[in-house]
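Commentary on secondary and tertiary structure
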Amino acid sequence: MVLTDLDGVVYRGRNAIPHAVEALTQASRTARVGYITNNASRRPSDVAEHLEGYGLQVGPDDVVTSSQAGVRLLETLVPAGSTVLVIGGIGLTSIVEQAGFTVTASADDAPAGVIQGFSPDLGWTQLAEASFALADPQIPWVATNMDWSIPVERGIAPGNGTLVAAVHQAVGRMPVVAGKPERPIFDAALARFGGEHPLFIGDRLDTDIKGANDAGIPSVLVLTGIDQAKQVLAADERSRPTYVLQDLRGLSAPYPVTHRHTADDGTRYVSVGDATVRMQRNVVRVEQAGSDAMDLLRAGATAIWDSGLAIYGLDVDPQLYGGE
């Protein structure tokens, strides 16, 4: 089973990321492919239609959104059929209604809970209603996700985390969160798709990879979205991917083997393909760049991660992350 994020992996804005559609189509011939998104602004049917527009064969049941995970979480916190204050768009309100809750946009309706998700149309009025309802500390508050930013066609824009933070500043508490990197969305995906050997693909270390790791799912970081080589080298222990790919063409290619060697003087060498990185104390240097920049990055990341040292205490060769 292959589970994949969308923004930064399959598309960016309105444009498909090169090689992603072909790679996922090929993967679907031998494995179930599920599409997982923290974006709560669209319904699963909208997401499926969007993906079909790129040539992928996708139905609504192939999509798990943070709205769906959020409502599953909400069901554990408030009575069935309750009135719920929904701060978000149709991608969230429709899922809340399908679960049998009564949707309101006003704190004056005495909601039993509040659920908040991203919509580009949200403004002060909606955030204020959430704050009014959450003045009662007994009212549960669910956030679909806490992404601080989202990649869009024109660049990087504020995400749901920034809107949740605005409410947090007003009410002095934080919500429980359903989306990546939290467990509920991964649990929802595994319950939906099954499969004994899942693999999760994402473009962000702090949400995709950390979440997959915490859920016990092997992870792939693809460098077509937010995080790049420098972030890979600096990844903390909980945010380190199992595999790193330049793009999704690597999904069907054999993954290179990592070789480690320690010299008599304590210098450690890590080789991937024909690239080799050496590390002596806190100094990380390229011994041999090799023919593949990805293999060099993989070797450098392994050397740094194996050291157990924090990135800020290391002298790292800029060649490992494309610096001067």
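Here's what I pulled together on the structure shown here. Residue indices begin from 1 for each chain and proceed along its sequence in written order. Whole-chain, interface and lining totals are the exception, using all residues; otherwise, since this is a predicted model, local features are given only for residues with pLDDT of at least 70 and side-chain atom pairs are given and counted only at 80 or more. Based on all heavy atoms of the structure, the side-chain values leave hydrogens and waters out of the count.

**Considerations on the environment of Val167**
Inspection of the secondary structure assignment puts Val167 in helix α6 (residues 160-171). You can call Val167 buried: its relative accessible area is 1%. The sequence separation of Val167 and Ala253 amounts to 86 residues, and the corresponding C-alpha distance is 45 Å. Beyond its immediate chain neighbours, meaning those up to four positions away, Val167 contacts Gln116, Leu127, Ala130, Ser131, Leu134 and Trp141. Each helix is a run of DSSP H or I of at least 4 residues and each strand a run of E of at least 2, with the numbering of both proceeding from the N terminus. To sort residues, take the accessible area from a 1.4 Å probe on protein chains only and compare it with the maximum for the residue type: under 20% means buried, over 50% means exposed, and anything in between is partly exposed. Contact criterion: two residues are considered in contact whenever any of their non-hydrogen atoms come within 4.5 Å of each other.

**Comments concerning the sheet that holds strand β9 (residues 141-143)**
DSSP bridges decide pairing: two strands pair if at least two such bridges lie between them. Taken in spatial order, the 5 strands of this open sheet run β7-β6-β8-β9-β12, and their pairing is parallel. With partners counted over all chains shown, the strands left at the sheet margins are β7 (102-104) and β12 (176-177), one partner each. Every axis corresponds to a line fitted to the C-alpha atoms, with the helix fit spanning only the stretch in contact, and the corresponding angles, defined between N-to-C directions, vary from 0 to 180 degrees. Against the sheet, helix α5 (residues 124-133) touches β6 (83-87) and β8 (113-116), its axis set at about 140 degrees to β6.

**Description of the sheet that holds strand β16 (residues 258-262)**
Sheet architecture is open: 5 strands sit in the order β16-β17-β18-β19-β20, paired in mixed fashion. Every other strand in the sheet has two partners, leaving β16 and β20 (315-316) as the edge strands with one partner each. Here 5 bridges tie β16 to strand β17 (residues 268-272), and the two strands are oriented antiparallel to one another. Of the residues in β17, the one forming a bridge with Thr262 is Arg268. On the sheet, helix α10 (residues 293-307) packs against β16, β17, β18 (275-280), β19 (283-288) and β20 and is oriented at approximately 25 degrees with respect to β18.

**Side note on the side chain of Ser239**
Tracing the backbone through its elements, the reader meets Ser239 in the loop between α9 (229-233) and β15 (243-245). Leave out the neighbours within four places in its chain, and Ser239 touches Leu205, Ile209, Lys210 and Asn213.

**Quick notes on the pattern of salt bridges**
Within this document, salt bridges are pairs made up of a side-chain nitrogen of Lys or Arg and a carboxyl oxygen of Asp or Glu, the two lying within 4 Å of each other. Scanning all chains against the criterion turns up 13 salt bridges. A salt bridge links Asp206 to Arg204; the shortest N-O distance between them is 3.3 Å. Residue class for Arg204 comes out buried when judged on its relative accessible area of 8%. Where Asp315 meets Arg285, a salt bridge forms, and the shortest distance between an N and an O atom there is 2.9 Å. Residue Asp315 is found in strand β20, and its partner Arg285 is found in strand β19; the two are separated by 30 residues along the sequence. Since its relative accessible area comes to 26%, Arg285 is described here as partly exposed. Salt bridges linked by common partners bring Asp5, Lys180 and Asp208 together as one network.

**Some words on the pairing of β17**
A regular strand carries its side chains on alternate faces of the sheet. Counting the residues between successive antiparallel strands, the hairpin from β16 to β17 contains 5 residues, one of them, Gly266, with a positive phi of roughly 90 degrees. Relative to β18, β17 runs antiparallel, the two being bridged by 5 bridges. Following the sheet pairing, Val272 is matched in β18 by Ala275. Where β17 folds back onto β18 in an antiparallel hairpin, the turn is made up of 2 residues, including Gly273, whose phi is positive at roughly 60 degrees.

**Quick look at empty space enclosed by the protein**
Rolled over the atoms, a probe with the dimensions of a water molecule shows which regions are left empty. Cavities and pockets are defined on a 1 Å grid built over the protein atoms alone: a cavity is a set of grid points where a 1.4 Å probe fits but cannot escape, while a pocket is an open set with protein on both sides within 12 Å along at least five of seven lines, and lining residues are those with an atom within 4 Å of any such point. Grid points are joined across faces, edges and corners, and a volume is the space filled by probe spheres set on the points. Counted according to the given criterion, the structure contains 1 cavity of 30 Å³ or more. Asp7, Asn38, Asp147, Ser149 and Ile150 are the residues nearest the centre of the largest cavity, which is lined by 20 residues in total. Going through the elements one at a time, β10 (149-152) and α8 (205-214) are the ones with two or more residues in the lining of the largest cavity. Top contributing element to the lining of the largest cavity by residue count: β10, with 3 residues.

**Examining the packing of α5 against α6**
Each pair of packed helices can be summarised by the angle the axes make with each other and by the distance between the axes. Relative orientation of the contacting elements α5 and α6 amounts to 40 degrees, with a least axis distance of 9 Å. As far as their axial angle goes, α6 and α5 are oblique. Crossing hand, α5 versus α6: right-handed. In contact with Leu127, Ala130 and Ser131 of α5, α6 contributes Leu163, Ala166, Val167, Ala170 and Val171. Three residue categories are used. Nonpolar comprises Ala, Val, Leu, Ile, Met, Phe, Trp, Tyr, Cys and Pro, charged comprises Asp, Glu, Lys and Arg, and polar comprises the others, including Gly. Residues of the contact of α5 with α6, tallied by class, amount to 7 nonpolar, 1 polar and no charged. What sets the label is the angle itself: under 35 degrees gives roughly parallel, over 145 gives roughly antiparallel, 65 to 115 gives roughly perpendicular, and the rest give oblique. In a left-handed crossing the near helix is turned counterclockwise from the far helix by less than a right angle, and in a right-handed crossing that turn is clockwise.

**Here we look at helix α2 (residues 44-52)**
Side chains that are three or four residues apart share a direction in an α-helix, a result of its 3.6 residues per turn. The complete set of buried residues in α2 reads Pro44, Val47, Ala48 and Leu51. The arc enclosing the buried residues of α2, seen along the axis, measures out at 100 degrees, which places them on a common side. Each element contacted by the buried residues of α2 is listed here: β2 (11-12), β4 (33-37), β5 (63-65), α3 (66-74) and α4 (90-98). Directions drawn from the helix axis to the C-beta atoms are what define this arc.

**A look at the pairing of β6**
Counting buried residues along β6, 4 of its 5 residues qualify, which places the element largely inside the surrounding structure. Note that β6 and β7 share 3 bridges and pair parallel. Bridge assignment links Val84 to a residue of β7, and that residue is Val103. By convention a crossover is right-handed if, when the strands point away from the viewer, the path from the first strand over the helix to the second runs clockwise. With respect to chirality, the unit in which β6 leads through α4 into the neighbouring parallel β7 is right-handed. Here β6 runs beside β8; their pairing, made up of 4 bridges, is parallel. Of the residues in β8, the one forming a bridge with Val86 is Ile115.

It is worth stressing that arrangement in space is one thing and function is another; only the former is reported here.
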